Amino acid sequence: MFTKLYLKIEGMLCASCEKIIGIEVKGVAGVKKVEIKHQTGEGVVEISSDTDENAVLQAIKKAGYEVRIIKKEPDDHGSGDGSSVVVEKKIVNDREPFK
């Protein structure tokens, strides 16, 4: 089972901000999906039920942004119904972080 965290993120100005936050949040164990929109200052992060939501918040703060949870809701799709889940984790280097 997963939980969706709906977030309000302050300080984002462009698509690079979205990428920076996405990289940090995807590094948290148990994160299934990350959607960040700098235009609205909002994001949705799907985490496994045993993932500490504070770890997600700390990852965003580490990237230099203020964040708070607007809403949490359970998301039990994909739990034993035969559907597949694809988790993408990208590894970047410090010389070319956005390629």
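Here we summarise the structure given alongside this text. The model shown is predicted, which means the values in this text are computed figures rather than measured ones. (Residues numbered from 1 in each chain as written. Predicted model: local features only at pLDDT ≥ 70, side-chain atom pairs only at ≥ 80, totals over all residues. Heavy atoms only, no water.)

Bringing helix 1 (residues 15–26) into the picture now. Spanning twelve residues, helix 1 covers 16 Å between terminal C-alpha atoms, matching the ideal 16 Å at 1.5 Å per step. When helix 1 is considered as a whole, its buried residues turn out to be Cys17, Glu18, Ile21, Gly22 and Val25. Viewed along the axis of helix 1, the buried residues span an arc of 135°, placing them on a single side of the element. If you follow the buried residues of helix 1, they end up packed against strand 1 (2–10), strand 2 (31–37), strand 3 (42–48) and helix 2 (53–62). (Helix = DSSP H or I, 4+ residues; strand = E, 2+ residues; numbered from the N terminus. Expected span 1.5 Å × (residues − 1). Buried < 20%, exposed > 50% of the residue type's maximum accessible area, 1.4 Å probe, protein only. Arc of directions from axis to C-beta. Contact = heavy atoms within 4.5 Å.)

Mapped onto the fold, Leu7 is located in strand 1. Discounting chain neighbours no more than four positions away, the residues touching Leu7 are Gly41, Glu42, Gly43, Val45, Leu57, Ile60, Val67, Arg68, Ile69 and Ile70.

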